[in-house]
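Structural characterization, general
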Amino acid sequence: MSFYFIIKSLHSGFRYIVFLLLIIAIIQSILGWLGKKPFTAINQKVNLFTLISAHTQLLIGIVLCFLSPYVQWNSETMKNATTRYFTVEHWVMMVVAITLITIGYSKSKKKATSEGKFKTVSIFYTLAFVLIVITILAGHLPLLGSTK
Ligand code: HEM
């Protein structure tokens with residue numbers, strides 16, 4: 001079992017933690033926003049753990065870039081859909097999504113009202129989630145499960 005295989009499996013599996021936390025954070029924020037609920041310490045923790053999971057996935061992804069045979073810079077990179085996807089498209093889109101989560105988290109922390117906190121996370125985390133799903137589908141990767 002190679003180091004590449006271990007890191008790839010970790011990255012592939014870690015997506016479920018990111019998905020699950022994002023979905024919980026989005027649902028609690030929309031319910032809190034529309035239901036005019038008070039923003040609790042639990043809400044804050046869920047938002048924080050979602051941010052941490054996204055950043056962890058980023059770090060694993062960076063390591064994977066050095067190991068993956070699909071990440072390569074040469075004259076053929078852009079001609080092949082798989083190498084183009086993993087060398088350029090996948091990480092750029094995912095970094096944008098993770099940035100959206102980071103901005104949403106820090107903006108919501110600065111909001112004074114519960115409504116403002118819930119609304120900010122609802123918008124930014126949903127945009128990030130949609131972007132992540134689109135990026136995975138655009139790479140012809142299964143949303144659930146592994147390709148290779
Ligand atoms: C929330 C963010 C992310 C999610 C949900 C995600 C998800 C995935 C998935 C599902 C795969 C396919 C794994 C498989 O074939 O079994 C993959 C592969 C890959 N990801 Fe990500 N990814 C994310 C962020 C990133 C970032 C930020 C980077 C780089 C900085 C990155 C680099 C890679 C690389 C290089 C591969 C190719 C692995 C291979 O050799 O097959 N990912 N990612």
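In what follows, the accompanying structure is described.

Bound to the iron atom of the ligand are the protein donor atoms His11 (NE2) and His90 (NE2), situated 2.0 Å from the metal. For the iron atom of the ligand, the 6 donor atoms in the first shell make angles of 86 to 179 degrees at the metal, so the coordination geometry reads as octahedral. On the criterion of sequence distance, the pair formed by His11 in helix H1 (residues 3–34) and His90 in helix H3 (residues 81–110) is long-range, its members being 79 residues apart. Each member of the pair, His11 together with His90, is buried.

What follows concerns the nonpolar core. By size, the foremost hydrophobic cluster in this structure holds 28 residues, and its most contacted members are Leu22, Ile101, Tyr125, Ile132 and Ile136. Elements that contribute at least two residues to this core include exactly H1, helix H2 (41–67), H3 and helix H4 (114–138). With 8 residues, the top contributor of residues to this core is H3. Residues in contact with Leu22, not counting those within four places in the same chain, are Thr50, Ile101, Tyr125, Phe129 and Ile132.

Here H1 crosses H2 at 155 degrees, and the two axes come no closer than 8 Å. Classified by the interaxial angle, the pair formed by H1 and H2 is roughly antiparallel. Regarding H1 and H2, the two cross each other, and that crossing is left-handed. Partitioning the contact of H1 with H2 into residue classes produces 18 nonpolar, 10 polar and 2 charged.

Taking 1.5 Å as the rise per residue, H2 with 27 residues should run 39 Å; its terminal C-alpha atoms sit 39 Å apart, in good agreement. Within H2 the residues assigned to the buried category are Asn43, Gln44, Val46, Asn47, Thr50, Leu51, Ser53, Ala54, Gln57, Ile60, Gly61 and Leu64.

Here is what the cut-offs are and how they apply
- Residues numbered from 1 in each chain as written.
- Predicted model: local features only at pLDDT ≥ 70, side-chain atom pairs only at ≥ 80, totals over all residues.
- Heavy atoms only, no water.
- Donors = N, O, S within 2.8 Å, 3.2 Å for Na, K, Ca; no water.
- Tetrahedral: all angles 85-135°; square planar, octahedral: opposite > 155°, others 65-115°.
- Helix = DSSP H or I, 4+ residues; strand = E, 2+ residues; numbered from the N terminus.
- Buried < 20%, exposed > 50% of the residue type's maximum accessible area, 1.4 Å probe, protein only.
- Core = buried A, V, L, I, M, F, W, Y, C linked by side-chain atoms within 4.5 Å.
- Contact = heavy atoms within 4.5 Å.
- Axes fitted to C-alpha atoms, helices over the stretch in contact; angles between N-to-C directions.
- Parallel < 35°, antiparallel > 145°, perpendicular 65-115°, else oblique.
- Left-handed = near helix turned anticlockwise from the far one by under 90°.
- Nonpolar A, V, L, I, M, F, W, Y, C, P; charged D, E, K, R; others polar.
- Expected span 1.5 Å × (residues − 1).

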